[in-house]
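Inside the fold
Take a look at the letters that make up each chain.
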Amino acid sequence: TRLQDRDAPVRETDNDALLARLSAVQKGYLKDPFVHFFVPRAHLQQPRPPLINIGTWVRSESIDRLVDAWLDLCESERKQCQIISLGAGSDTRFWRLATSDRSKSIAKYVEIDFAEITTKKAMPIKKNKDLLAVLGEPNDVALTNGGTSLRSPTYNLLAADLRKPPVVFLEPALVGGTPPLVDLNMPALLLFECVLAYMQPNESSAIVSWFMDCFRGSAPIGAIVYEMFGLNDPFGRVMKNNLKVECIQLPGAEPYTSYDSLPRRFTAHGFKLAKALTLKEIRNSRLPAEDVERNLRLETLDEVEELDLVLDHYAITWGANWPDSEDNVTSKW
Ligand code: SAM
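Residues numbered from 1 in each chain as written. Predicted model: local features only at pLDDT ≥ 70, side-chain atom pairs only at ≥ 80, totals over all residues.

1. Let's talk about the overall build of the protein
Selection rule: Going along the chain from the N terminus, every DSSP run of H or I of four or more residues is numbered as a helix, and every run of E of two or more is numbered as a strand. Using C-beta atoms placed from the backbone, we call a residue buried if 20 or more other C-beta atoms fall within 10 Å of its own, exposed if 12 or fewer do, and partly exposed for counts in between. Residues are treated as contacting if the C-beta atoms built from their backbones sit within 7 Å of each other.
If you tally the helices and strands in the protein, you get 13 helices and 9 strands. Buried residues in the protein amount to 43% of all 333 residues. Within the protein, counting contacts between residues at least 6 apart in sequence, those at least 24 apart form 77% of the total.

As structure tokens, then:
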């Protein structure tokens, strides 16, 4: 139990991410008809400061765009794909995708988190007819493993500690059953949204490498990481004070502290393509200027200079091992 106690603050970050999303939705930055189902007394929650709302928007919007680009790639090859979200917390992306015109492209969607989090997430899913209807017929949806996991034809929620060796938790859970949950002949996209910072580098590396080994030669694999970096520079403290609500980082846990090192998460494991952009770069040059402007009109942002300072310390890194021409992948993603 001492170990569990040590993990409590890490699990608590899910609530922070969830409330940040709720706040961005309530203030009009994001559209998400599902988030409030996961927040008890959603209407009573305090909104987050504008700076956090803008950060949440940039993060969410850019990951959405990368997921879209991945689905474009799969659709251009007439392939369905599977999405595996590690440290998924209370994320609503599955429901948003499954109710969009992309739903047919997704054959499997697997979410993994600590048992405490998956148990908490399974409850509203099982009880709420809006969430449940998206999963299929009521009889197709089952709570398993003492309520820590949930099975349905497409969506699957699994409890596991990601720090364990992947052969111990991923292999039996994903490819060990009959039929296996994950199809090694179908393109797979891995999502690591604000989760790798809570692990030791060798642990996160083991996960990426396990997936690479499993899919090597059989199907394309893609991955998206959202994380904080560069904590050791002079601005680290400013950023930490502002955003510790979102992402607390374990001392010494992160080797990818410089911008240039971020793509190595993937290139070190043989990914053909790996790129990283900071949220500042994404906001300034990748997201439509009219959306950036529109969001500035939603609330009064006093900390204009701080915003760039903070966004400059968060990055999205993506990698793809798509067997066809690299240009094809690079141009689309
Ligand atoms: N990905 C979600 C999002 O962006 O909204 C949640 C992010 S939250 C900041 C981090 C999540 O990672 C938490 O739900 C936490 O429980 C989970 N997590 C961290 N370390 C983990 C581990 N070793 N095993 C399983 N889940 C873990």
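2. A closer look at the site of the ligand
Applicable threshold: Being near a molecule or strand means, for a residue, that its C-beta atom, positioned from the backbone, comes within 6 Å of it. Residue type decides the class: Asp, Glu, Lys and Arg count as charged, Ala, Val, Leu, Ile, Met, Phe, Trp, Tyr, Cys and Pro as nonpolar, and the leftover types, Gly among them, as polar.
Neighbouring the ligand are 20 residues, the closest being D14, G87, G89, L162 and E193. For the shell around the ligand, the leading source of residues is helix α1 (residues 2-26), giving 5 residues. Across the shell around the ligand, the residue classes tally to 10 nonpolar, 3 polar and 7 charged.

3. Thoughts on helix α12 (residues 304-311)
Our working definition: Within this analysis, the arc is defined by the directions that extend from the helix axis to the C-beta atoms.
Along α12, the residues classified as buried are L307, V310 and L311. The buried side chains of α12 occupy one side of the element, clustering within an arc of 90° when seen end-on.

4. Here we look at the environment of E227
Counting through the fold element by element, E227 comes out in strand β7 (residues 221-228). Placed 88 residues apart in sequence, E227 and A315 show a C-alpha to C-alpha distance of 5.6 Å.

5. Comments concerning the pairing of strand β9 (residues 314-321)
To keep it simple, the criterion reads: Only strands joined by at least two bridges in the DSSP assignment are considered to pair.
The buried count for β9 comes to 8 of 8 residues, which makes it a mostly enclosed element. Judged by which residues are buried, β9 turns out to be covered on both faces: Y314, I316, W318 and A320 on one side and A315, T317, G319 and N321 on the other are all buried. Relative to β9, β7 runs antiparallel, the two being bridged by 8 bridges. Each bridged residue has a counterpart across the sheet, and for G222 the counterpart in β9 is A320. Across 6 bridges, the pairing between strand β8 (residues 273-278) and β9 is antiparallel.

6. What about the packing of helix α6 (residues 166-175) against helix α7 (residues 201-215)?
What counts here: Every angle, taken between N-to-C directions, lies between 0 and 180 degrees, and every axis is a line fitted to C-alpha atoms, over only the stretch in contact when it is a helix. Small angles under 35 degrees read as roughly parallel and large ones over 145 as roughly antiparallel, with 65 to 115 read as roughly perpendicular and the rest as oblique. When the near helix sits turned anticlockwise from the far one by under a right angle, the crossing is termed left-handed; a clockwise turn instead gives a right-handed crossing.
Contact geometry for α6 and α7: axes closest at 11 Å, N-to-C directions at 45°. Comparing the axis directions of α6 and α7 gives the class oblique. As for the relative orientation of α6 and α7, their crossing is right-handed in sense. Contact residues: α6 offers P166, L170 and V175, while α7 offers A206, I207, W210 and C214.

7. Here we look at the pairing of strand β5 (residues 155-159)
Most of β5 is tucked away, with 5 of its 5 residues classed as buried. Residues Y155, L157 and A159 of β5 are buried on one face, and the alternating residues N156 and L158, pointing to the opposite face, are buried as well. Alignment of strand β2 (residues 106-113) against β5, held across 5 bridges, turns out to be parallel. The partner of V110 across the bridge, within β5, is N156. Where strand β4 (residues 149-151) and β5 come together, 2 bridges link them in antiparallel fashion. Note that in β5 the partner of R151 across the bridge is N156. Counting the residues between successive antiparallel strands, the hairpin from β4 to β5 contains 3 residues.

8. Quick notes on the UniProt feature "binding site: S-adenosyl-L-methionine" (unreviewed entry) in the protein
Note the cut-off: UniProt positions are given in the numbering used here, feature names are shortened, and annotations may be inferred rather than shown by experiment.
Feature annotation in UniProt assigns "binding site: S-adenosyl-L-methionine" (unreviewed entry) to the following positions: R59, G87, D161, L162 and E193. These annotated residues cover 135 residues of sequence, and their C-alpha atoms reach 24.6 Å apart at the extremes, leaving them scattered rather than at a single site. Its place among the elements puts R59 in helix α2 (residues 50-76). Residues contacting R59, with those up to four places away along its chain left out, are Y226, L279 and Y314. Mapped onto the elements of the fold, D161 is located in the loop between β5 and α6. On the basis of neighbour count, D161 is assigned to the partly exposed category, with 15 C-beta atoms found within 10 Å. Look past the residues within four positions of D161 in its chain and what remains in contact with it is F114 and F169.

9. A look at the nonpolar core
Put simply, the rule reads: To form a nonpolar core, buried Ala, Val, Leu, Ile, Met, Phe, Trp, Tyr and Cys residues must be joined through C-beta atoms within 7 Å.
Counting residues in hydrophobic clusters, the biggest one holds 89 residues, and the most contacted among them are L86, F192, A223 and I224. Counting residues per element, this core draws most heavily on α2, which supplies 11 residues. When sequence neighbours within four positions are dropped, the list of residues in contact with F192 reads L86, G87, A223, I224 and V225.

10. Regarding the environment of T154
You can see T154 is positioned in the loop between β4 and β5. Placed 61 residues apart in sequence, T154 and R93 show a C-alpha to C-alpha distance of 13 Å. Once residues lying within four places of it in the same chain are set aside, the contact partners of T154 are A98, I106, A107, K108 and Y109.

11. Considering the sheet that holds strand β6 (residues 188-193)
Read from one edge of the open sheet, 9 strands run β3-β4-β5-β2-β1-β6-β7-β9-β8, paired in mixed fashion. Two strands lie at the open edges of the sheet, namely β3 (142-144) and β8, each paired on one side alone. Across this sheet, the average inter-strand angle for adjacent strands is 15°, counted without regard to direction. Relative to β5, helix α4 (residues 115-127) is tilted by about 145°, and along the sheet it contacts β2, β3, β4 and β5. In the packing of helix α10 (residues 279-286) onto the sheet, contacts are made with β8 and β9, and the angle to β8 comes to roughly 85°.

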